[in-house]
4 protein chains.
Amino acid sequence: MKAARLHVLGQPLSLDTVPVPDVARDEVLIRIAGAGVCHSDLHIRSGEFPLPPGFELPLTLGHENAGYVEAVGPDVTAVKRGDAVAVWGGRGCGSCRICRQGDEQCCNIALWVAAGGYAEFMHVPSERLLVKLDGLDPIDAAPLADAGLTPYRAIKKILPHLYPGAAVAVVGIGGLGHMALQILRAVAPSTRVIAVDVAPERLAAAAELGASDVVDARRDAAGEIVRLTGGEGAQAVIDLVGSDASLRTAASAAARKGIIVLVGLGGGTLPFSFLGLRSECTVTSSYWGSYTEFQDVLALARRGSIRPTIRRYPLDRVNEALDALARGEVQGRAVVTP
Amino acid sequence: MKAARLHVLGQPLSLDTVPVPDVARDEVLIRIAGAGVCHSDLHIRSGEFPLPPGFELPLTLGHENAGYVEAVGPDVTAVKRGDAVAVWGGRGCGSCRICRQGDEQCCNIALWVAAGGYAEFMHVPSERLLVKLDGLDPIDAAPLADAGLTPYRAIKKILPHLYPGAAVAVVGIGGLGHMALQILRAVAPSTRVIAVDVAPERLAAAAELGASDVVDARRDAAGEIVRLTGGEGAQAVIDLVGSDASLRTAASAAARKGIIVLVGLGGGTLPFSFLGLRSECTVTSSYWGSYTEFQDVLALARRGSIRPTIRRYPLDRVNEALDALARGEVQGRAVVTP
Amino acid sequence: MKAARLHVLGQPLSLDTVPVPDVARDEVLIRIAGAGVCHSDLHIRSGEFPLPPGFELPLTLGHENAGYVEAVGPDVTAVKRGDAVAVWGGRGCGSCRICRQGDEQCCNIALWVAAGGYAEFMHVPSERLLVKLDGLDPIDAAPLADAGLTPYRAIKKILPHLYPGAAVAVVGIGGLGHMALQILRAVAPSTRVIAVDVAPERLAAAAELGASDVVDARRDAAGEIVRLTGGEGAQAVIDLVGSDASLRTAASAAARKGIIVLVGLGGGTLPFSFLGLRSECTVTSSYWGSYTEFQDVLALARRGSIRPTIRRYPLDRVNEALDALARGEVQGRAVVTP
Amino acid sequence: MKAARLHVLGQPLSLDTVPVPDVARDEVLIRIAGAGVCHSDLHIRSGEFPLPPGFELPLTLGHENAGYVEAVGPDVTAVKRGDAVAVWGGRGCGSCRICRQGDEQCCNIALWVAAGGYAEFMHVPSERLLVKLDGLDPIDAAPLADAGLTPYRAIKKILPHLYPGAAVAVVGIGGLGHMALQILRAVAPSTRVIAVDVAPERLAAAAELGASDVVDARRDAAGEIVRLTGGEGAQAVIDLVGSDASLRTAASAAARKGIIVLVGLGGGTLPFSFLGLRSECTVTSSYWGSYTEFQDVLALARRGSIRPTIRRYPLDRVNEALDALARGEVQGRAVVTP
């Protein structure tokens, strides 16, 4: 089978021919229909994120995966050949306190790096990682595994801070941001949603996706958010960029007793101080999402409440998709379709 | 001024001429534009609810009130003559632990009975009980003070149990129920809402107000809810009736780890037992709402997310409105317009 | 090996000689050191609890188990032969929403009935169900698996209702109750704990275990609790009996906005009505506990904060232990030591 | 009467003779028994904290106040002359959303600056700000109004993160820290409490007040906390210092999904970044406490669970107390006793 693999950090992926993996026990082989292209792949490809212990090159990247069950191990009972499924990627050790409580994606042992979706087939180590699509198209569903799931979890963290008429600022209207707006409309429609981005075309898309207001991040975005909220600031800010600049906006725009959730891996720092933020404002980060949160995201998609904007790339053009993402040229999400 | 007062338990209200109240300190006099007609008034009129200590006949009933500021005491700063306002009725002693935490309506000292909205003018003991309408029509807004606020608080109690695709059953689609459906659509639109009632015309209205499914309470409503939810039952049941029958439905229809919120004052009993409900199901009651919850309800109305269906009655026909309500003939809410 | 098995509902267990189970995959064989004797065993033995689908007689009962690893399947990595371990019994299907969130004990599929601790050896279907004792004595630790774990979970449910000076009533000072008092002292020491029981010797034990007050359930216990709390009632009531009488006490003794947690399987019913309990009082049940909650309980024991009062019975006297429990003659917990 | 007033920023307070204030409406005059000396007073005296709008020199400082009711306004009903009371200082506008929910101390309008306890008598603008001492000595109780209340609120924020065996690090064992240790022992005794300070005598006091471990902040405190917790870090860190150094320790010592609560006004900054803290760690601040939280603190004191270590200063030596505090020489809390 063909697989796009990373051989050398900083270099493009190579389209290699590799053996189709076997399946044992409760393992499952998936024929990939769609694999979303994520910023994290860029960070791994460039070497910016060091490979975790136990991983080595060459690696098949791609962790937003959906497709069809091709083969199942002898202990598999939940799915059968031909089933359309999405793959939840956030598995951990399974036995620590955090894993036991259902948040495996936050386990110390991160195993998602080599998820392997940029290939014709993908080996899934347990049927427990699969969710049946039940009518969703796998190509449309693939981005939900991260671009949908990650903002969903972040939004769940802010819900206790919201009430009718409260304001949420979403900073960064890319792959995750365009899903965040739809999810907010689906789970918190009585909230005012302020979209922040540097790109006019993204702000235009944001307005179509339900943003109440759009703010140009190249100007004084925090000041504008404070103005729009009558001086109070936003009860919640979700920062999907994570640069110094976006975090400075978040810190200045968040309301008294508000919350800032950092999601974006832009490498920036928010200088947290007692008097630098409004009183009792909370700052936290949100990392991917749990299995049941992924089920929720797929339920939203099945209801028609959310739908990724996608652009398809065949497997042999995966580097082209990555490069377009790096240049900020992808509207919505690029999906590799092997 | 004219006031519709209860002189004898079990008798109709009398249209009396009484002095216009004076205002001192931070007191406010409201010219009533609309006063919603609530089931509680029936319970008080009939003597089913004993008058709390300190109250005596004759009493001017009516606790869903909105109108215009007519006069203000010397210490009033938040409103001025002519302002359109709604009156939050749930005041308590103000100094016990429950009042200090903002839930005055749950205080032992209930002062709402003699709210006094069925009259041309109403004396409000503190400007702190007023919320400015800021553009809402007082006649439309009046029912929000109870028919909107009470289900809003009940819905807040169920929110932690909901997730995309979860089911909520609303039992009783009268004055509170027709608001509950709209509020659910506004704050939890990714939830399946199952409306339950005995009256076909109310079920028809429920479908228009956003119910996903309607269930006839004259048949096996619990069985139907369980069937609609694939055997799981509803993650939340809001019982706005409170009869033995409706509570039996609630108990049988609520899911594992679900919640039942009793709101209706129908006098019924739910027999709670370990094996009689699904595992770890919670039963609680919800009583009116706090001041900030009332602000939230008005914010929903200002956004256009909720709007009571009302039928107007002049003050001298208040008994007619009460009788229609007693016979179950009011669709939405009757509002007295003095 | 020897195993005490139930052959006929309503009859004593028989001491049978049966084959020692094999272990495969990640299964583990435990040499039982202690197996706590629980009221549920009485309910199963008598036929009061019907056997769940898939279970048949003869059955080896006993679900409060601790001992030493005797043999491990080939995939086991977390424990090795000789390790002292306790067995968490609350496993479910592992894949439904409730299991995924860590509450397997609440799964529809209850698998604990045939836990099998009344035997020399016990087959554990996965190493994931084991917790290392790390210094605790297995005979002392055995009762923690239910008599410790079940009240711990119930107490976690009431914690949000407590504050310094709040009152908790614990009804029933038997196996679970004598642990509940210790757990409360360990996790909520600023709370006033009121112990309620019919037996003077249990009330005497309660005072030693940290109860602030003891109340004789043969008199007007609810009235006494209300009196002790200055008229407010108890912010939380944990009912470990579950009879009509104990639940009536709970309903009358719980404060405004309080909580009643039903744990005891006494078969009683609490008549929940709007005016029959104080305002916004919540009633719920609590069922056993999760794996991480069991870890917490063992942590409390390791700190010396809790310790079951036990009385040992050899395996061939297990019926004697069950009978003593049925007669209400066990102080603390009976533990079978095969 | 005598009052120690600030006339010039950066200068010592002057002992002035001023008129005894009158009381009207629900106002109360308190004869001060004790007024705790707080770091905030230093910040105001030095001009480091600018005076809020509406305040002007000369100002009588002192916001940890307790004493005896000397005179009451005509509307006062809750207290009478001679009652021993403490004064809750955190009042705000009373009508915004935050005030309505009981957190007046977080209101934009901070009115505590001129609390006025460094005087023989203090004017309290409403009886609503008083809590009866019911047996507590006012001199002992005075520091509870801030040095007790502020860590209590911070500890309430961390409670959801704790479980038996979890670790809390308390950084800074001064006036607030020596109360934090006692409060933790009273409300979370199954938690491991790690005290961090630069001063050996404070660490020695910490061990006596219930700290499980003490760590010298002059060395690698974060490394030591991580080592003591087996590599996990502390589930919660309460930073009562708030310097760059203490916040750096907090950031490095907090566990995955942990929480850091900044209380100290040391002017430092915590550089929050996605990879710089452990996964999903939360950073927030905590500001003083609500009225009901103050009631809780006094309840703890009445139970004997907490008791400030105090050193008394007569009113004419208030500058000496402030200077000792500035030099870090106060063990526990200095209390002015006019």
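Everything in this summary refers to the structure shown in the same document. (Residues numbered from 1 in each chain as written. Chains lettered and ligands numbered in written order. Predicted model: local features only at pLDDT ≥ 70, side-chain atom pairs only at ≥ 80, totals over all residues. Heavy atoms only, no water.)

## Quick notes on the interface of chain A and chain D
This is how it is decided: It only takes one pair of heavy atoms within 4.5 Å for two residues to be counted as in contact. Once two parts are joined, some of their accessible surface, as seen by a 1.4 Å probe, is lost; buried area is that loss totalled over both. When a carboxyl oxygen of Asp or Glu lies within 4 Å of a side-chain nitrogen of Lys or Arg, that pair is called a salt bridge. Here a polar contact is taken to be a pair of N or O atoms separated by no more than 3.5 Å, where protein atoms must pair a possible hydrogen donor with a possible acceptor and residues adjacent in sequence count only if both atoms sit in side chains. Runs of H or I in DSSP of at least four residues are treated as helices and runs of E of at least two as strands, each being numbered from the N terminus. Side-chain classes follow a simple rule in which Ala, Val, Leu, Ile, Met, Phe, Trp, Tyr, Cys and Pro form the nonpolar group, Asp, Glu, Lys and Arg form the charged group, and the remainder, Gly included, forms the polar group.
If you look at the interface, chain A gives 33 residues, while chain D gives 33 residues. When the buried area of chain A at its contact with chain D is split by residue, Phe272, Phe274 and Glu280 of chain A rank highest and sum to 27% of it. Between chain A and chain D we count six salt bridges in total. As a salt-bridge pair, aspartate 103 of chain A and lysine 257 of chain D come within 2.6 Å of each other at their nearest N and O atoms. For the pair chain A and chain D, the interface holds 21 residue pairs in polar contact (both at pLDDT 80 or more). Counting residues per element, the ones that place at least two in the side of chain A that touches chain D are α2 (97-100), α4 (149-158), β13 (254-262), β14 (270-272) and β15 (282-285) of chain A. For the side of chain A that touches chain D, the element with the most residues is β15 of chain A, which contributes four residues. Across the side of chain A that touches chain D, the residue classes break down as 16 nonpolar, 10 polar and seven charged.

## Regarding the packing of aromatic side chains
Heads up, the rule is: Two rings from Phe, Tyr or Trp (for Trp, the six-membered ring) form a pair when their centres sit within 6.5 Å of each other. Planes less than 30 degrees apart are called stacked, planes more than 60 degrees apart edge-to-face, and all others tilted. We count a charge as sitting over a ring when the NZ of a lysine or the CZ of an arginine lies within 6 Å of the ring centre and within 35 degrees of the ring normal.
Here the structure, examined in full by the defined rule, presents 12 aromatic pairs over all chains. Aromatic side chains tyrosine 287 of chain C and tryptophan 288 of chain C sit 6.5 Å apart centroid to centroid with 70° between the ring planes, which places their arrangement in the edge-to-face category. Connected via pairs of aromatic rings, a cluster forms that spans Phe274 of chain A together with Tyr287 and Trp288 of chain D. One cation-aromatic arrangement involves arginine 97 of chain C over tyrosine 163 of chain B; the distance from NZ or CZ to the ring centre is 3.5 Å.

## Observations concerning the interface of chain C and chain B
Quick note on the threshold: The criterion for strand pairing is that DSSP finds at least two bridges linking the strands in question.
Opposite the 33 residues of chain C that make contact, chain B presents 33 residues. Buried surface at the junction of chain C and chain B, summed over both partners, amounts to about 2900 Å²; 59% is from carbon and sulfur atoms. In terms of surface lost to chain B, no three residues of chain C exceed Phe272, Phe274 and Glu280 of chain C, which account for 28% of the buried area on that side. In this structure, the connection of chain C to chain B is made through six salt bridges. Viewed at the interface, chain B and chain C are joined by 21 residue pairs in polar contact (both at pLDDT 80 or more). Of all the elements, strand β15 (residues 282-285) of chain C adds the most residues to the side of chain C that touches chain B, at four residues. The residue inventory of the side of chain C that touches chain B, partitioned by class, reads 16 nonpolar, 10 polar and seven charged. Across three bridges, the pairing between strand β14 (residues 270-272) of chain B and strand β14 (residues 270-272) of chain C is antiparallel. Within the sheet, the bridge partner assigned to phenylalanine 272 of chain B lies in β14 of chain C and is leucine 270 of chain C.

## Notes on the relation of the copies chain C and chain B
Worth spelling out the cut-off: The copies were overlaid with a least-squares fit restricted to C-alpha atoms from residues scoring a pLDDT of at least 70 in each copy.
Once chain C has been moved 0.0 Å along the axis and rotated by 180°, it coincides with chain B to within an RMSD of 0.0 Å. The relationship between the two copies is best expressed as a two-fold rotation axis. Mapped onto chain B, 100% of the interface residues of chain C again fall at the interface, so both copies present the same surface.

## Topic: the relation of the copies chain A and chain D
At an RMSD of 0.0 Å, chain A and chain D line up after a rotation of 180° and a shift of 0.0 Å along the axis. Comparing contact sets, 100% of the residues at the interface of chain A also lie at the interface in chain D, consistent with an isologous, same-surface contact.

## Here we look at the sheet that holds strand β1 (residues 2-6) of chain B
All names here are of chain B. Strand order in the open sheet made by the three strands is β2-β1-β4, with antiparallel pairing throughout. Each having just a single partner strand, β2 (14-17) and β4 (59-60) make up the two edges of the open sheet. Where β1 lies against β4, two bridges are found, and the strand directions are antiparallel. Bridge pairing in β4 places arginine 5 opposite threonine 60.

## Focus: the environment of serine 126 of chain A
Residues and elements named next belong to chain A. Structurally, serine 126 is set in the loop between β7 (121-124) and β8 (130-132). Taking C-alpha positions, serine 126 is 6.5 Å from valine 28, a pair spaced 98 residues apart along the chain. Excluding anything up to four places from it in sequence, serine 126 contacts Asp26 and Glu27.

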